[in-house]
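Residue-level structural notes
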Amino acid sequence: MTLLNITIGLLLLLLIGGVLYWELVIAEGAHLGDKAVVKMYDWTAKRYDSIKQYEPEFETDTLGYPLAMTMVNLGFPRVLDVAAGTGRLARTLLPEPSFRGQIVALDLSYSMLAEGVATHPEPIDSIQSPADRLPFDDNTFDVVACLEALEFMPDPMQVVDECIRVLEPGGLLLLSNRRGWEARAIVGKTWTPDVLGPMLEAKGLFSVDFQRWQIDYDLIWANKRR
Ligand SMILES: C[S@@+](CC[C@H](N)C(=O)[O-])C[C@H]1O[C@@H](n2cnc3c(N)ncnc32)[C@H](O)[C@@H]1O
């Protein structure tokens with residue numbers, strides 16, 4: 001084997017390793033379809049919460065409390081958490097004193113849902129389903145959330161359409177939008193706020209508000225037109 005052959009072999013190995021790292025670690029299999037993504041979450045479900053280390057105070061300040069405040073005038077609000085994972089949203093919303101409603105946690109990974117049910121202090125309703133075909137009638141929920149998940153979907157905009165479909169007119173849609181260099185690496189699944197804002201308005205949302213949230217994500221608060 002010549003030195004040239006060895007060099008080419010090493011470069012090829014590096015290239016393959018780089019592509020695998022990009023797709024499996026950065027994009028979490030986003031371009032390989034929902035089965036691949038969900039398989040990865042099934043594998044990591046038991047470690048998910050310890051990996052993420054969500055800070056309860058930060059969760060309350062940025063999610064639980066402001067979300068509960070949007071529902072204070074609703075009798076018994078129905079909240080849908082799409083791609084709920086281990087129930088992060090329920091964990092911060094249910095303890096809010098002003099919240100008297102129902103939370104439905106939907107995810108395609110059975111293991112993520114099971115982990116949420118097993119570790120939650122209060123019972124939550126969970127449904128295993130793909131996010132791009134929500135098993136609910138139009139206009140069912142007062143609030144629909146989809147956090148840290150859109151970029152892993154086969155078609156993120158189909159998921160947004162489904163979230164809007166099941167949302168009551170006037171209801172609140174809460175999304176996260178990936179930011180930073182990793183967002184650009186998840187090709188075709190993320191948008192900058194100046195592009196995404198008008199896209200969401202064109203889908204019938206108003207008061208679309210981007211808010212700085214975590215290092216990797218903005219939060220988007222928006223309402224469905226009546
Ligand atoms: C990064 S986790 C976010 C979980 C939770 N929303 C949170 O903020 O902690 C992404 C979740 O999306 C779910 N997911 C990925 N693709 C999905 C799909 N096509 N339909 C439904 N859930 C999906 C995964 O199983 C995983 O639980």
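The structure reproduced in this document is the subject of the present report. Keep in mind that this is a model prediction, so the values were computed, not measured. (Residues numbered from 1 in each chain as written. Predicted model: local features only at pLDDT ≥ 70, side-chain atom pairs only at ≥ 80, totals over all residues. Heavy atoms only, no water.)

1. Brief notes about the packing of aromatic side chains
As a reminder of what qualifies: Stacked, tilted and edge-to-face are the three classes assigned to paired rings of Phe, Tyr and Trp, where Trp is represented by its six-membered ring and a pair needs centres within 6.5 Å; plane angles under 30 degrees give stacked, over 60 edge-to-face, the rest tilted. For a Lys NZ or an Arg CZ to count as sitting over a ring, it must be within 6 Å of the ring centre and within 35 degrees of the ring normal.
Inspection of every chain in the model, using the stated rule, returns four aromatic pairs. Sitting over the face of the ring of Y54, R88 holds its NZ or CZ atom 3.7 Å from the ring centroid.

2. So, the site of the ligand
Applied cut-off: We call a residue near a molecule or strand when any one of its heavy atoms sits within 4 Å of it. Any pair of N or O atoms that falls within 3.5 Å is considered a polar contact. Within protein, one atom must be able to donate a hydrogen and the other to accept it, and sequence-neighbouring residues count only if both atoms are side-chain atoms. Note on areas: these come from Shrake-Rupley sampling with a 1.4 Å probe, and a residue is covered only by the protein chains present in the view. Secondary structure counts use DSSP, requiring at least four H or I residues in a row for a helix and at least two E residues in a row for a strand, with both numbered from the N terminus. Just so you know the grouping, Ala, Val, Leu, Ile, Met, Phe, Trp, Tyr, Cys and Pro go in nonpolar, Asp, Glu, Lys and Arg go in charged, and all remaining residues, Gly too, go in polar.
Around the ligand there are 21 residues in total, and Y54, A83, R88, D107 and L147 lie nearest to it. At a separation of 2.8 Å, a nitrogen atom of the ligand approaches a polar backbone atom of A83. D107 places a side-chain nitrogen or oxygen 2.6 Å from an oxygen atom of the ligand. Alone, the ligand offers 600 Å² of accessible surface; in the complex the protein occludes 99% of this. The dominant element in the shell around the ligand, judged by the number of residues it contributes, is helix α2 (residues 34–52), at four residues. Across the shell around the ligand, the residue classes break down as 14 nonpolar, three polar and four charged.

3. A look at unusual backbone geometry
Selection rule: For every residue, the accessible area (1.4 Å probe, protein chains only) is compared with the maximum for its type, and the residue is labelled buried under 20%, exposed over 50%, or partly exposed between those bounds.
Within the chain, N139 stands out as a residue other than glycine whose phi angle is a positive 55°. Looking at the element boundaries, N139 is found in the loop between β3 (125–128) and β4 (141–146). We classify N139 as partly exposed; its relative accessible area is 35%. At S207, a residue that is not glycine, the phi angle is positive and equals roughly 50°. Inspection of the secondary structure puts S207 in strand β6 (residues 205–212). The class for S207 is partly exposed, based on a relative accessible area of 47%.

Functional significance is not addressed by these values, which are geometric in nature.
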